[in-house]
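Inside the fold
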Amino acid sequence: MNLASVGGALGALAISMGTLGVHGIGGQLPEKAQGWWETATLYLLAHAVVVTALGIAGKEWHLPGWFFAPGCAIFAGTLYAMALGAPTWLGAVTPVGGTLMLLGWGAVFILGFIKTKAD
């Protein structure tokens, strides 16, 4: 599967989960759980756009996308799970996803710096 397709799948998932959170279960979630759901959806959608763009940008930009994709899946996935009643110890796993996303942004910074130097 190519990176742009992964980004598209993540984007579709984000829209689906956001819609479910608003129209399906939103009124039934406690306030804290609703916050987890909203944060998960925001981060998932934002990173889906970036992953898609990196996939389209060319192979030299793929490395950050391969950090972002599992990072946002882990980050959002654990928050969605906790919002739906999974044990809150999953919150200890959430930072693994956040760390992968930070590594992705670091890779974007480094690749951008290298590309600027090469131009």
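Structural data are supplied above this passage.
Residues numbered from 1 in each chain as written. Predicted model: local features only at pLDDT ≥ 70, side-chain atom pairs only at ≥ 80, totals over all residues. Heavy atoms only, no water.

Quick word on the packing of aromatic side chains
Counting across every chain of the model gives four aromatic pairs. Consider the rings of Phe109 and Phe113, whose centres lie 6.5 Å apart with planes at 20 degrees: the pair is stacked. Here Phe109 pairs with Phe113, and both are found in helix 4 (residues 94–118), just four residues apart, close to one helical turn. (Phe/Tyr/Trp six-rings, centres within 6.5 Å; stacked < 30°, edge-to-face > 60°. Helix = DSSP H or I, 4+ residues; strand = E, 2+ residues; numbered from the N terminus.)

Comments concerning a nonpolar patch on the surface
Together, Phe109, Ile110, Phe113 and Ile114 make up a nonpolar patch on the protein surface, roughly 450 Å² of accessible area in all. Here Ile114 lies in helix 4. By relative accessible area, Ile114 is classed as partly exposed at 49%. (Patch = residues over 30% accessible without salt bridge, like charges linked within 9 Å, V, L, I, M, F, W, Y side chains within 5 Å. Areas by Shrake-Rupley, 256 points an atom, 1.4 Å probe, with all protein chains shown as cover. Salt bridge = Lys/Arg side-chain N within 4 Å of Asp/Glu carboxyl O. Buried < 20%, exposed > 50% of the residue type's maximum accessible area, 1.4 Å probe, protein only.)

Topic: the nonpolar core
Formed by 27 residues in total, the largest nonpolar core has its most connected members in Leu10, Trp37, Leu44, Val51, Leu54, Phe68 and Tyr80. A per-element tally of this core places helix 3 (residues 62–83) first, with nine residues. Each residue touching Leu44, except ones within four places of it in the same chain, is listed here: Leu10, Leu13, Ala14, Cys72, Ala76 and Tyr80. (Core = buried A, V, L, I, M, F, W, Y, C linked by side-chain atoms within 4.5 Å. Contact = heavy atoms within 4.5 Å.)

Here's the deal with the environment of Leu44
Relative to the helices and strands, Leu44 is located in helix 2 (residues 31–57). Considered as a pair, Leu44 and Thr19 are 25 residues apart in the sequence and their alpha carbons are 13 Å apart.

Looking at the side chain of Thr78
Secondary-structure assignment places Thr78 in helix 3. Using a relative accessible area of 8% as the deciding quantity, one classes Thr78 as buried. Those residues in contact with Thr78 that sit more than four places away from it in its chain are Leu90, Val93 and Thr94.

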